[in-house]
Amino acid sequence: MIIKVITSNPGKVKEYKEALSSFGIDIEHLRIPYDEIQTSELTEVVRNGMDQIKAKGVTDFIIDDSGIFIDALNGFPGVFSAYVQKTIGNRGILVLMNNEDNRKANFQCCIGCNLKGKDIIVLGRCDGSVLENEKGNEGFGYDPIFSHDGKRSLAEIPMKEKNMISHRGNAVKLLMNEIKKII
């Protein structure tokens, strides 16, 4: 089975390829622009994006929206994570967290999948904390400043292990449970 992964992020493509191959699913990477609405919920962003993509005649695809939600910043950057990453990056987040004792955060990934005319939306989560410095060279985005275990950043973990515990990895597991009901 082939599912189209619609994203402009090569890091996501790599993670999906690794995660879905273990389920016997091949991916085709497509870059199809769609507008991301401004809202506080990842599921609303994904649902709206799916509607736009289906309106273009595309089927059998995956899109996702992810974010890091930092407790001390009242859930910021949340759904605005991509924009914040482009503008202030990890260093800017670390400045905002300077001298902050509460470093709890979670990553969330909402995956929307259209398969055989049915829509699936799942939400995966990974709890952890924001580190005090960037660590590691793997991954992308906030991976160098987020730790699920308080020891290593997600950028220090091999992809296979990361996919077992990450927000996207957890969302993929939920997605596969739903896909099995369809195929």
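Each remark here, short or long, concerns the structure printed above.
In this text the structure is predicted, and so the values were computed from the model without any measurement.

> Is there a simple way to explain the side chain of Gln-108 in this structure?
Here Gln-108 is to be found in strand 4 (residues 104–115). Residue Gln-108 is classed as buried on the basis of its relative accessible area of 14%. Here the side chain of Gln-108 touches Asn-106 through a polar contact of 3.0 Å, side chain to side chain. Those residues in contact with Gln-108, other than ones at most four positions away along the chain, are Leu-42, Asp-65, Ser-66, Gly-67, Phe-69, Leu-123, Gly-124, Arg-125 and His-167.

> Just checking my understanding: could you explain the sheet that holds strand 2 (residues 26–30) for this structure?
As a general point, the strands of a sheet are linked pairwise by backbone hydrogen bonds and lie either parallel or antiparallel. Read across the open sheet, the 6 strands follow the order 2-1-3-4-5-6; overall the sheet is mixed. The sheet is open, and its two edges are formed by strand 2 and strand 6 (146–147), each paired on a single side. Relative to strand 5 (residues 118–130), strand 4 is paired through 12 bridges, and the arrangement is antiparallel. Note on strand 5: the bridge partner recorded for Cys-110 is Leu-123. Contacting strand 1 (2–6), strand 3 (61–70), strand 4 and strand 5, helix 6 (residues 167–182) runs over the sheet at an angle of about 155 degrees to strand 5.

> Quick question: what am I supposed to make of the nonpolar core here?
Soluble globular proteins tend to bury their nonpolar side chains together. Within the largest apolar cluster, 20 residues are counted, with the highest numbers of intra-cluster contacts made by Tyr-16, Leu-20, Ile-62, Ile-111, Leu-175 and Ile-179. Elements with a minimum of two residues in this core: strand 1, helix 1 (10–21), strand 4, strand 5 and helix 6. Sorting elements by how many residues they give to this core places helix 6 first, with 5 residues. Counting 16 residues, the second largest nonpolar core, distinct from the first, contains Ile-70, Val-130, Tyr-142 and Leu-154.

Cut-off values and rules
Residues numbered from 1 in each chain as written. Predicted model: local features only at pLDDT ≥ 70, side-chain atom pairs only at ≥ 80, totals over all residues. Heavy atoms only, no water. Helix = DSSP H or I, 4+ residues; strand = E, 2+ residues; numbered from the N terminus. Buried < 20%, exposed > 50% of the residue type's maximum accessible area, 1.4 Å probe, protein only. Polar contact = N/O pair within 3.5 Å; in protein donor to acceptor, adjacent residues only side chain to side chain. Contact = heavy atoms within 4.5 Å. Pairing = 2+ DSSP bridges. Axes fitted to C-alpha atoms, helices over the stretch in contact; angles between N-to-C directions. Core = buried A, V, L, I, M, F, W, Y, C linked by side-chain atoms within 4.5 Å.

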